[in-house]
Amino acid sequence: SFTDGVAVSLYVEGKAKTLDHITATGYEDEYYEGETFDTTGMVVTAFYSDGSSAPVTDYTYEPVGALTTSDTKVVVTYKTETCDCPITVIPDTAVSIEVRNARTSFYVGEDFVFDGEAYVTFESGRTSKVNPECDSSAVNKLKPGTYEVKVWYQNKSVITSYNVTYSLNSKR
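Residue positions are given per chain, counting from 1 as you read along its sequence in written order. It should be noted that, the model being predicted, local features are given only for residues of pLDDT at least 70 and side-chain atom pairs only at 80 or more, the latter also being counted only at that level, while totals for whole chains, interfaces and linings use all residues. Based on all heavy atoms of the structure, the side-chain values leave hydrogens and waters out of the count.

**Q** Just checking my understanding: could you explain the overall build of the protein chain for this structure?
**A** Numbering goes from the N terminus for both helices and strands, where a helix is a DSSP run of H or I of at least four residues and a strand is a run of E of at least two. For the protein chain, the count of helices and strands is 0 helices and 19 strands. Relative to the compact-globule value of 16 Å for 172 residues, the protein chain shows a C-alpha radius of gyration of 28 Å, a clear excess of over 25%. Along the first, second and third principal axes, the C-alpha set of the protein chain runs to 95 × 30 × 20 Å. When the 172 residues of the protein chain are sorted by exposure, 26% land in the buried category. Here, two residues are considered to be in contact whenever any of their heavy atoms come within 4.5 Å of each other. Taking as baseline every contact in the protein chain between residues at least 6 positions apart, the subset at least 24 positions apart corresponds to 48%. Here the accessible surface of atoms and residues is derived via Shrake-Rupley with a 1.4 Å probe, and residues count as covered only by protein chains that are part of the display. By element, 47% of the accessible surface of the protein chain is carried by carbon and sulfur atoms, the whole surface being about 10900 Å². We count Lys and Arg on the positive side and Asp and Glu on the negative side, and we leave His and both chain ends out. Charge positions are represented by NZ for Lys, CZ for Arg, CG for Asp and CD for Glu. Side-chain charges of the protein chain comprise 14 positive and 25 negative groups, with the mean position of each set lying 15 Å from the other. C-alpha atoms define the radius of gyration in this analysis, and the globule rule sets the expected value at 2.2 Å times the number of residues to the power 0.38. With a 1.4 Å probe rolled over the protein chains alone, any residue whose accessible area is under 20% of its type maximum counts as buried; one over 50% counts as exposed, and the rest are partly exposed.

**Q** Whenever I open this one, the packing of aromatic side chains confuses me. Can you help?
**A** Centre-to-centre distance and the angle between the planes together describe a pair of aromatic rings. For Phe, Tyr and Trp, rings pair up if their centres lie within 6.5 Å, where Trp contributes its six-membered ring, and each pair is then called stacked (planes under 30 degrees apart), edge-to-face (over 60) or tilted (otherwise). Scanning the entire structure with this criterion turns up 8 aromatic pairs. Judged by centre distance (5.4 Å) and plane angle (55 degrees), the rings of phenylalanine 106 and phenylalanine 112 are tilted. Neither phenylalanine 106 nor phenylalanine 112 differs from the other in exposure class; each is buried. Here tyrosine 147 and tyrosine 166 contribute two aromatic rings whose centre-to-centre distance is 6.1 Å and whose plane-to-plane angle is 70 degrees, an arrangement assigned as edge-to-face. Taken together, the positions of tyrosine 147 in strand 18 (residues 145-153) and tyrosine 166 in strand 19 (residues 158-167) put the pair 19 residues apart, joining distant regions of the chain. Residue classification places tyrosine 147 among the buried residues on the basis of a relative accessible area of 12%. One aromatic cluster is present, built from ring pairs that chain together Tyr27, Tyr31, Phe37 and Tyr61. Think of it as a cone above the ring: NZ of Lys or CZ of Arg counts as a charge over the ring if it is within 6 Å of the ring centre and within 35 degrees of the ring normal. Between the NZ or CZ atom of arginine 126 and the centre of the ring of phenylalanine 122, over which it lies, the distance is 4.1 Å.

**Q** Explain the sheet that holds strand 10 (residues 73-78) here, please?
**A** By definition, the strands of a sheet pair up through backbone hydrogen bonds, in either a parallel or an antiparallel sense. Two strands pair if DSSP finds at least two bridges between them. Taking strand neighbours across the sheet as the criterion, the 3 strands line up as 9-10-11 in an open arrangement whose pairing is antiparallel. Where the open sheet ends on each side, the last strands, each with one partner, are strand 9 (60-62) and strand 11 (81-86). Sheet twist, expressed as the mean angle between neighbouring strand axes with direction ignored, is 25 degrees. Judged from the 3 bridges that link them, strand 9 and strand 10 form a sheet pairing that is antiparallel. Looking across to strand 10, one finds that tyrosine 61 is bridged to valine 76. Simply put, an axis is a line fit to the C-alpha atoms, just over the touching stretch for a helix, and the angle between two N-to-C directions goes from 0 to 180 degrees.

**Q** Looking at this model, I keep getting lost on the sheet that holds strand 16 (residues 127-130). Mind explaining?
**A** Ordered in space as 13-15-16, the 3 strands form an open sheet in which the pairing is antiparallel. Edge positions in the sheet fall to strand 13 (94-100) and strand 16, since each has one partner strand and no second. Here the strands of the sheet are splayed against their neighbours by 30 degrees on average, with no regard to which way each runs. Where strand 13 and strand 15 (residues 117-122) come together, 6 bridges link them in antiparallel fashion. When the sheet's bridge partners are listed, isoleucine 97 is paired in strand 15 with valine 120.

**Q** Explanation requested: the nonpolar core in the structure shown.
**A** We define a nonpolar core as any set of buried Ala, Val, Leu, Ile, Met, Phe, Trp, Tyr and Cys residues linked to one another through side-chain atoms lying within 4.5 Å. Of all hydrophobic cores here, the largest spans 20 residues; its most connected members are Ile22, Met42, Val44, Val76, Tyr78 and Ile87. Of all the elements in the fold, those that place two or more residues in this core are strand 5 (19-25), strand 7 (43-48), strand 10 and strand 11. Among the nonpolar cores identified, the runner-up in size contains 19 residues, and Ala102, Val149, Val151 and Tyr153 belong to it.

**Q** Please explain the pattern of salt bridges as it appears in this structure.
**A** Pairing between side chains of opposite charge can happen when their charged atoms approach one another. A carboxyl oxygen of Asp or Glu within 4 Å of a side-chain nitrogen of Lys or Arg is what we treat as a salt bridge. What the rule picks out here adds up to 6 salt bridges. With a shortest N-O distance of 3.4 Å, glutamate 98 and arginine 100 are connected by a salt bridge. Note that lysine 141 is salt-bridged to aspartate 111, the shortest N-O span being 2.4 Å. Note that lysine 141 is positioned in the loop between strand 17 (133-135) and strand 18 and aspartate 111 in the loop between strand 14 (105-107) and strand 15, a separation of 30 residues in sequence.

As C-alpha cells, then:
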C-alpha cells in the first residue's frame, strides 16, 4: 500500500499482504446502445490475502466509449485484478426524424442541395444529430413549383419530408 507517496509493505505472520481479488457492486446493468457505462453508485472493493477489504477509486474499466448491442460485460481493473460486470445493451431504435435549418427556396435552374440538419429521436428519449439520406427525385429544377423532399435514417426506419419551392429568378 502507499502512504504519502512512500511504498510500505504490510506483514501478517511473516507474509506480505497481497491483493487477492476485486468486486464491483451498485452499477447500472442495463443500457441503450450508444450510451456509455455509468460508474455513478458503483463501489469497487479490493480483497486482500489477510482477509481485509477496502473500497478503491483508482480503477479503470473497458469499454469506455459508446456501448453496442454486442457488449455483454464491462471489465473493471484494479492493479493486477479484474472483475466482470454483466450488462445488457438494448437496441435504441429511432422513432422520429426532424429536419432543421434546411433551405427551402431555390431559383429555377439551381441544383437542389440538402444543407439542413437532421435530428433523430430514439426510443430511449435521446436526440442525436445524424447524417441522413435524402431523396429529391421529385424536384424539377427547370419548372417553378413546390416539391417534396424525403429525408430518412437507418434504412428508412424513420422518414420525414419537407417542401422546397422553385421560383423564377427576379434578377433576370
